[in-house]
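Letter by letter, the chains look like this.
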Amino acid sequence: MTPTPPATALAPLQTSLAWAELALLGIDLTSALVGVLISYIAYRGYQRTGSRAMAFVAAGFVLIMVVPWLGFVATLVVGSSRPVELGVGAVSEVSQLLGTLAILYGIRLETGG
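This text gives an overview of the structure that appears in the document. (Residues numbered from 1 in each chain as written. Predicted model: local features only at pLDDT ≥ 70, side-chain atom pairs only at ≥ 80, totals over all residues. Heavy atoms only, no water.)

What follows concerns the overall build of the protein. Along its length, the protein carries three helices and zero strands. Taken from N to C terminus, the helices and strands of the protein fall in the order α-α-α. Relative to its 113 residues, the protein shows a buried fraction of 18%. (Helix = DSSP H or I, 4+ residues; strand = E, 2+ residues; numbered from the N terminus. Buried < 20%, exposed > 50% of the residue type's maximum accessible area, 1.4 Å probe, protein only.)

Structure below.
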C-alpha cells in the first residue's frame, strides 16, 4: 500500500494553480476586450466609409476573439463536462476559421484582388 501524502503538502501547489488559472482568465478577458476594441474601430470605419472590407474585418475579429471567449464563459456557467467541452471547442475552432477567412476576404476586397 502506498502512503497518502498529507493534505498540507498539496496546499501550496493548489494555491499556485489557482493564481495561474486567474492569470490565464485575465489574459483571456484582455484578449477578448482587445478583439472587441478592434472590431468596434473597424465597424466605425465601415460606418464612416461604407467599405465592405472593413465590415468583414470587424466581423472577423469578433469571430476570432470574442466568440471563443463567450464559449469559455458558457462552460463556466453551464458546467464542464466532456460533451460541453467538445461542443464549445468545435464552435470555437469553426468560429476562428470563419473569422480568419472573413479578415482575409476583407483584406482582398480592400486591395482590389
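The discussion continues.
For the rest of this paragraph, the subject is the packing of aromatic side chains. The tally for this structure, following the rule as stated, stands at two aromatic pairs. When the ring of Phe 56 is compared with that of Tyr 105, the centres are 4.7 Å apart and the planes differ by 75°; the resulting orientation is edge-to-face. Taken together, the residues span a long stretch of sequence, with Phe 56 in helix 2 (residues 52–78) and Tyr 105 in helix 3 (residues 82–111) at a distance of 49 residues. (Phe/Tyr/Trp six-rings, centres within 6.5 Å; stacked < 30°, edge-to-face > 60°.)

What follows is about the packing of helix 2 against helix 3. The geometry of helix 2 relative to helix 3 is characterised by a closest axis approach of 6 Å and an angle of 170° between their N-to-C directions. It follows from the interaxial angle that helix 2 and helix 3 lie roughly antiparallel. Looking at the contact of helix 2 with helix 3, its residues break down into 17 nonpolar, nine polar and two charged. (Axes fitted to C-alpha atoms, helices over the stretch in contact; angles between N-to-C directions. Parallel < 35°, antiparallel > 145°, perpendicular 65-115°, else oblique. Nonpolar A, V, L, I, M, F, W, Y, C, P; charged D, E, K, R; others polar.)

Looking now at a nonpolar patch on the surface. Among the surface-exposed residues, Trp 19, Leu 22, Leu 25, Leu 76, Val 77 and Val 78 lie close enough to one another that they form a single nonpolar patch of about 680 Å² accessible area. Summarising the element assignment, Trp 19 is placed in helix 1 (residues 7–49). Owing to a relative accessible area of 61%, Trp 19 belongs among the exposed residues under this scheme. (Patch = residues over 30% accessible without salt bridge, like charges linked within 9 Å, V, L, I, M, F, W, Y side chains within 5 Å. Areas by Shrake-Rupley, 256 points an atom, 1.4 Å probe, with all protein chains shown as cover. Salt bridge = Lys/Arg side-chain N within 4 Å of Asp/Glu carboxyl O.)

Now for helix 3. With 30 residues, helix 3 should reach 44 Å at 1.5 Å per residue; the first-to-last C-alpha distance of 43 Å fits that figure. Those residues of helix 3 that fall on the buried side of the exposure criterion are Ser 92, Ser 95, Gly 99, Ala 102, Ile 103 and Gly 106. Each element contacted by the buried residues of helix 3 is listed here: helix 2. The positive-phi residue at the C-terminal boundary of helix 3 is Gly 112, with phi of around 80°. (Expected span 1.5 Å × (residues − 1). Contact = heavy atoms within 4.5 Å.)

Let's shift gears to helix 2. For an α-helix, 3.6 residues make a turn, and residues three or four places apart therefore share a direction. With 27 residues, helix 2 extends 36 Å from end C-alpha to end C-alpha; this agrees with the ideal 39 Å at 1.5 Å per step. At Leu 63, helix 2 shows its maximal bend, which comes to roughly 35°. Among the residues trailing helix 2, Gly 79 stands out with phi positive, at a value near 115°. (Bend = angle between axes of the 7 residues up to and from the residue.)

Turning our attention to the environment of Gly 99. Tracing the sequence through the fold places Gly 99 in helix 3. Gly 99 gets classed as buried once you look at its relative accessible area, which sits at 0%. Between the C-alpha atom of Gly 99 and that of Gly 60, which follows or precedes it by 39 residues, the distance is 3.8 Å. Setting aside residues no more than four positions away along its own chain, Gly 99 makes contact with Gly 60, Leu 63 and Ile 64.

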